[in-house]
Amino acid sequence: MAVWDDVVGQDRLTAQLAAAARDADALVTAEHAGERPRPGEQPEPQTSADRSSASQMTHAWLFTGPPGSGRSTAARAFAAALQCVSPDRALGGAPGCGFCDGCHTSLVGTHADVEIVRTDLLSIGVKETRDLVRRSSLSPAGGRWQVIVLEDADRLTEGAGNVLLKAVEEPAPRTVWLLCAPSVEDVLPTIRSRCRHLSLRTPPVAAVADVLVRRDGIEPEAAARAARATQGHIGRARRLATDERARARRAAVLKLPLRTDDIGGCLKAAQELIDAAGEDAKQVAEDVDTKETEELRAALGAAAGTGGRMPRGTAGAMKELQDKQKRRSTRTQRDSLDLALVDLTGFYRDVLALQMGASVPLANDEVRDSIHRIATSSTPERTLRRIEAVIACREALDRNVAPLLAVEAMAVALRAG
């Protein structure tokens, strides 16, 4: 299985990346043989001329696309192709076989020269970015490329972005930066102007269902239902098909439009939505925080047992970990809320489709009766206002409005229509 097989519905993009990987492989092979590529055959990866052709290698790439389009999957696949050591390459085979040690370790995240950077916090700060920049200046341990995949480039603070800029502007000879963000506007203009931009689209529902069956062993009917419900979002579709709790959360969210008949119902539904998000954050904390705390206590030389005394001078490290865990809990709660709001938007999208007589399949066919009830008792204009209310709630959460206030305001607006 080639590394590109999991990049769903992005044929044009994978062709560009495969061509770049071939050029990168030719460059490394020539350097190892002590040769220089002949003029016109293989340019240096750091020159501006690289950006004139999508079939040539360059040192910095920016992957953008809507949530669930597979930005990080495409970046990881490209990283694996750059590290491919398959012997078939010498016989004309394309790098990115998916089976060799370079491909396998890159895809699972254990390759010494591939750094996968993601954050479960609200932002990526200057300190973390400086560590990345130092890593990028190192020569590859395996003799090929030093690849840094930054999955949440949109979460860089302004200071962190300025730190990264220098490394992207003047990269080490064998370093490749792969940045992922929802859109080019989420990345500093000075950084994106130095990257080759690749835009991903939302993959077709059928393609997502196919990959769930092929890669995850999910039953075809369940895979099709999950892919349709998430409208092509690969990660959410996999979670919905495999996690009973996720399905229960979603079913509860889809009942909310029928619970806004009075103000009391609006406020109660809003509180339950917040409580559900808080429960998700609490579960993540239970799974991760205790382990992290115990590992740090052991590393700092604490006495055995959770109540053991800490050595002098270690309180700062423990406080830093607690702050990190608190920020992670905040992000988990916001992500859970945002997921619920996306499902709610999909519900009203189906309502609008029925009202307008659109010949498109319903994303939430399992609650067709509820959708039909709302559609017949309302108008397209009111449905659009309700969709705008959900979008306004998401924007309010992005501006750090108190979650309960934002969701209560949305619920009241859904009632008013």
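Throughout this description, residue numbers start from 1 for each chain and increase along the sequence as written. Only residues with pLDDT of at least 70 are given local features in this predicted model, and only at 80 or more are side-chain atom pairs given and counted; all residues enter the totals for whole chains, interfaces and linings. The basis for the side-chain values is all heavy atoms of the structure; hydrogens and waters are excluded.

Caption draft 1: Just the overall build of the protein, in detail. Of the regular secondary structure elements, the protein holds 15 helices and five strands. Every radius of gyration here is taken over C-alpha atoms, with the globule rule written as 2.2 Å times N^0.38, N being the number of residues. For 417 residues, the compact-globule estimate of 2.2 N^0.38 gives 22 Å, and the protein sits close to it at 24 Å. The C-alpha extent of the protein, read off along each of the three principal axes, is 75 × 65 × 40 Å. The contact criterion used throughout is that any non-hydrogen atoms of two residues lie within 4.5 Å. Counted over contacts in the protein with a minimum sequence separation of 6, partners at least 24 positions apart contribute 71%. For accessible areas, the Shrake-Rupley method is used with a probe of radius 1.4 Å. Any residue's cover is judged against the shown protein chains and nothing else. For the protein, the exposed surface amounts to about 20400 Å²; the carbon and sulfur share of it is 53%. We treat Lys and Arg as the positive residues and Asp and Glu as the negative residues; His and chain ends play no part in the count. By convention, the charge on Lys lies at NZ, on Arg at CZ, on Asp at CG and on Glu at CD. Distance from the positive charge centre (56 side chains) to the negative charge centre (57 side chains) of the protein: 2 Å. What counts as a helix is a DSSP run of H or I of at least four residues, what counts as a strand is a run of E of at least two, and both are numbered from the N terminus.

Caption draft 2: Broad picture of the nonpolar core. Within the largest apolar cluster, 36 residues are counted, with the highest numbers of intra-cluster contacts made by Trp61, Phe63, Phe78 and Leu178. Within the residue set of this core, elements represented by two or more residues are α1 (11–32), β1 (60–64), α2 (71–82), β2 (114–117), β3 (146–150) and β4 (175–181). With near-sequence residues (within four places) excluded, Phe78 lies in contact with Trp4, Leu17, Ala20, Ala21, Met57, Trp61, Phe63 and Leu178. Grouped together as the second largest cluster of nonpolar side chains are 30 residues, Leu273, Phe347, Val367 and Ala389 included. Put simply, buried Ala, Val, Leu, Ile, Met, Phe, Trp, Tyr and Cys residues joined by side-chain atoms within 4.5 Å make one nonpolar core. Buried means the residue's accessible area, taken with a 1.4 Å probe over protein chains only, is under 20% of the maximum for its type, while exposed means over 50%, and partly exposed covers the values in between.

Caption draft 3: The sheet that holds strand β5 (residues 196–199), seen in detail. In this analysis, strands are considered paired if DSSP registers two or more bridges between them. Spatial strand order, β2-β3-β4-β1-β5: five strands in an open sheet with parallel pairing. Of all strands in the sheet, those with a lone pairing partner are β2 and β5, marking the two edges. The average angle at which neighbouring strand axes cross in this sheet is 15°, direction not considered. Alignment of β1 against β4, held across five bridges, turns out to be parallel. Its bridge partner lying in β4, Phe63 is registered against Cys180. Along the sheet face, α2 touches β1, β2, β3 and β4 and points at about 165° away from the line of β4. Set on the sheet, helix α5 (residues 158–169) makes contact with β1, β3 and β4; between it and β4 the angle comes to about 135°. Orientation is described by lines fitted to C-alpha atoms, with helices fitted over the stretch in contact, and by angles between N-to-C directions that extend from 0 to 180 degrees.

Caption draft 4: Structural view of the environment of Cys195. Here Cys195 shows up in the loop between α6 (189–192) and β5. In sequence terms Cys195 and Phe63 are 132 residues apart; their C-alpha atoms lie 9.4 Å from each other.

Caption draft 5: View of the pattern of salt bridges. Salt bridges, as used here, are contacts in which a Lys or Arg side-chain nitrogen is within 4 Å of a carboxyl oxygen on Asp or Glu. Scanning all chains against the criterion turns up 26 salt bridges. Across the salt bridge formed by Arg214 and Asp210, the nearest N and O atoms sit 3.9 Å from each other. Here the residue Arg214 and the residue Asp210 both occupy positions in helix α7 (residues 205–216), the gap between them amounting to four residues, near one helical turn. When its relative accessible area of 46% is taken as the criterion, Asp210 is described as partly exposed. Between Arg239 and Asp243 there is a salt bridge, with the nearest N and O atoms lying 3.8 Å from each other. A cluster of three or more residues bridged by salt bridges with shared partners is formed by Asp6, Asp210, Arg214, Arg215, Asp216 and Arg238.

Caption draft 6: View of the packing of helix α12 (residues 315–356) against helix α15 (residues 403–416). Look at α12 against α15: their axes get within 13 Å of each other, and the N-to-C directions meet at 10°. In terms of axis orientation, α12 runs roughly parallel to α15. The residues of α15 that touch α12, namely those facing Leu337, Leu341, Leu344 and Tyr348, are Pro403, Val407, Met410 and Leu414. All residues other than Ala, Val, Leu, Ile, Met, Phe, Trp, Tyr, Cys, Pro, Asp, Glu, Lys and Arg, Gly among them, are scored as polar; the first ten of these are nonpolar and the last four charged. Looking at the contact of α12 with α15, its residues break down into eight nonpolar, no polar and no charged. An angle below 35 degrees is read as roughly parallel, one above 145 as roughly antiparallel, one from 65 to 115 as roughly perpendicular, and any other as oblique.

Caption draft 7: Broad picture of a nonpolar patch on the surface. Patch members must show over 30% relative accessible area and no salt bridge, and they are joined within 9 Å when carrying like charges or within 5 Å when they are nonpolar side chains of Val, Leu, Ile, Met, Phe, Trp or Tyr. A surface patch of nonpolar side chains, amounting to about 210 Å² of accessible area, comprises Ile263, Leu267 and Val412. Taking relative accessible area as the criterion, Val412 reaches 32% and is therefore assigned partly exposed.

Caption draft 8: Spatial organisation of helix α8 (residues 220–229). Turning to α8, its buried residues are Ala223, Ala226, Ala227 and Ala229. Buried residues of α8 fall within an arc of 165° about the axis and therefore sit on the same side. Turned more than 90 degrees from where α8 packs its buried face, Pro220 and Glu221 sit exposed. Packed against the buried residues of α8 are α7, α9 (234–242) and α10 (244–254). In the segment just after α8, Gln231 is the residue with positive phi, at about 55°. Arc, as used here, means the arc of the directions from the helix axis to the C-beta atoms.

Caption draft 9: Representation of the confidence of the model for the protein. The score called pLDDT rates the predictor's confidence residue by residue, from a low of 0 to a high of 100. Here the protein averages 86 in pLDDT, and 91% of its residues register 70 or above. Averaged pLDDT values for the elements of the protein fall to 83 in helix α11 (residues 263–299) and rise to 95 in β1. Across residues 36–55 the pLDDT falls below 50, and counting only partners more than four positions away or on other chains, this stretch makes 39 contacts in the model.

Caption draft 10: Region of interest: unusual backbone geometry. For Gln231, which is not a glycine, the phi torsion comes out positive at approximately 55°. Assignment of secondary structure puts Gln231 in the loop between α8 and α9. Residue classification places Gln231 among the partly exposed positions, given a relative accessible area of 35%. The residue Asn400 is not glycine, and still its phi comes out positive at about 65°. Looking at the secondary structure, you find Asn400 in the loop between α14 (380–398) and α15. Judged by relative accessible area, which is 52%, Asn400 ranks as exposed.

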